[in-house]
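Single-letter residue listing:
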Amino acid sequence: MSVFERLLSIREEKGAGFFLLLDPDRIDRGQLIKTAETAEACGVDAVLAGSSFITGHDFDARMTDIKGATDLPVIIFPGNAGQVSRHADGILFMSLISGRNPTYLIEEQVKAAPAVKTFGLETIPTGYMLIESGTVTSVQYISGTMPIPRGKNDIAMAHALAAQYLGMKMIYLEAGSGSDRGVPEEMVAAVSGYVELPVVVGGGIRKPQQAADRVSAGASFIVVGTAVEESCDEGFLTEMSDAVHTAARTTV
Ligand code: 1GP
């Protein structure tokens, strides 16, 4: 079964999935390994690894650490072409479609593609959309792109539909890591109801209820990174995954 098929089966079985984002640049190695080791028992469905801004030079070594610590699917969530590793199970092959910066629309992908092929990594083509969160986030600053305004559901819907017609397999609605506000539930509902693709939602989700609300709005997968890094608490990680799975069971 491919990684993408595993993700779809998680959605089919549980109604929605919970992804833990590990940023190898922001967590020390010991904590990274410990968090990855406990993730599955805490109800995490897959581990994403990467960042819009990485200053360390040991991405490959950290991917080896993560892969060695868990049997969950380990999927690269790359900020640029430097974040490709043979030690992952797959890679979100993303294009920042909400922006108009060719570097993140296609250039980094061109640079990364040969390595992805060499390593035999499964690609999951993903339309990545940055949504205004109220503050300038790292991804906004680094990508030099303007996010979609929070209240403009029609613009978000049109971008997501274009991604579907371009053959992408998932939509990622991103408020930005550590943002003060997550993607509005109204926008999650509007996009999820408009396209046939699974919708991933991340950025600024700090409380289980915030994750649950976005699942109830139609998200297929929830991503949390910062809040888990800050709490370093297995109980909190379990609460987050439970919130996602419970909301999925009770959403009709
Ligand atoms: C960031 O969507 C992810 O790209 C997760 O965001 O770190 O705010 O949880 P947080």
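Scroll up for the structure.
Quick notes on the rules
- Residues numbered from 1 in each chain as written.
- Predicted model: local features only at pLDDT ≥ 70, side-chain atom pairs only at ≥ 80, totals over all residues.
- Heavy atoms only, no water.
- Helix = DSSP H or I, 4+ residues; strand = E, 2+ residues; numbered from the N terminus.
- Rg over C-alpha atoms; globule rule 2.2 N^0.38 Å.
- Buried < 20%, exposed > 50% of the residue type's maximum accessible area, 1.4 Å probe, protein only.
- Contact = heavy atoms within 4.5 Å.
- Areas by Shrake-Rupley, 256 points an atom, 1.4 Å probe, with all protein chains shown as cover.
- Lys, Arg positive; Asp, Glu negative; His and termini not counted.
- Charge placed at Lys NZ, Arg CZ, Asp CG, Glu CD.
- Pairing = 2+ DSSP bridges.
- Axes fitted to C-alpha atoms, helices over the stretch in contact; angles between N-to-C directions.
- Near = heavy atom within 4 Å.
- Polar contact = N/O pair within 3.5 Å; in protein donor to acceptor, adjacent residues only side chain to side chain.
- 1 Å grid on protein atoms, 1.4 Å probe; cavity = no way out; pocket = protein on both sides within 12 Å on 5 of 7 lines; lining within 4 Å.
- Sits in = over half its atoms within 2 Å of the grid points.
- Phe/Tyr/Trp six-rings, centres within 6.5 Å; stacked < 30°, edge-to-face > 60°.

Participant: Can you break down the overall build of the chain residue by residue, with the values?
Facilitator: Within the chain, the regular secondary structure consists of 10 helices and 8 strands. In terms of C-alpha radius of gyration, the chain reaches 16 Å, essentially the compact-globule figure of 18 Å for 252 residues. Oriented by its inertia axes, the alpha-carbon framework of the chain measures out at about 40 × 40 × 35 Å. The buried share of the chain, reckoned over its 252 residues, is 55%. Long-range pairs, those at least 24 residues apart, make up 73% of the contacts in the chain with a sequence separation of at least 6. With the model as given, the accessible surface of the chain reaches about 10,800 Å², and the carbon-plus-sulfur share is 52%. Positive and negative side-chain charges of the chain, numbering 20 and 31 respectively, have mean locations separated by a distance of 3 Å.

Participant: So what's going on with unusual backbone geometry? Which residues, and what values?
Facilitator: Residues other than glycine seldom take positive phi values, yet Cys232 does so here, at roughly 50°. Looking at where Cys232 falls in the secondary structure, it is placed in the loop between α9 (226-231) and α10 (234-250).

Participant: For the sheet that holds strand β6 (residues 170-174), give the residues involved together with the corresponding values.
Facilitator: The strands making up a sheet associate through backbone hydrogen bonding, with each pair oriented either parallel or antiparallel. Around the barrel, which closes on itself, the 8 strands sit in the order β1-β2-β3-β4-β5-β6-β7-β8 with parallel pairing between neighbours. Across the sheet, the axes of successive neighbouring strands diverge by a mean angle of 30°, strand direction being ignored.

Participant: Pulling in residues and values, what's your account of the site of the ligand?
Facilitator: The environment of the ligand is made up of 14 residues, and the closest members are Glu174, Ser177, Gly178, Gly225 and Thr226. Contact between the ligand and Gly204: an oxygen atom at 2.8 Å from a main-chain N or O atom of the residue. Here an oxygen atom of the ligand and a backbone polar atom of Gly225 are 2.8 Å apart. Taken by itself the ligand offers 310 Å² of open surface, and the protein chains cover 97% of this. More than half of the atoms belonging to the ligand lie within 2 Å of the grid points that define the largest pocket.

Participant: Any chance you could break down the pairing of strand β4 (residues 90-96) for me, citing the residues and the numbers?
Facilitator: Counting buried residues in β4 gives 6 out of 7 residues, a clear majority hidden from the surface. Alignment of strand β3 (residues 74-76) against β4, held across 2 bridges, turns out to be parallel. Along β4, the bridge assignment pairs Ile76 with Ile91. Of the strand pairs in this sheet, β4 and strand β5 (residues 122-130) are connected by 7 bridges, and their pairing is parallel. Note that in β5 the partner of Phe93 across the bridge is Pro125.

Participant: Mind laying out the packing of aromatic side chains, listing which residues take part and the relevant values?
Facilitator: Considering all chains together, one arrives at 4 aromatic pairs under this definition. Summarising the aromatic geometry, the rings of Phe77 and Tyr172 are spaced 5.1 Å apart at their centres and angled 15° between planes, so their arrangement reads as stacked. A residue pair is termed long-range when its members are at least 10 positions apart, and Phe77 in the loop between β3 and β4 and Tyr172 in strand β6 qualify at 95 residues. Of the residues examined, Phe77 reaches a relative accessible area of 6% and is grouped as buried. Since its relative accessible area comes to 1%, Tyr172 is described here as buried. Between Tyr128 and Tyr172 the ring centres are 5.2 Å apart and the planes differ by 65°, which places this aromatic pair in the edge-to-face class.

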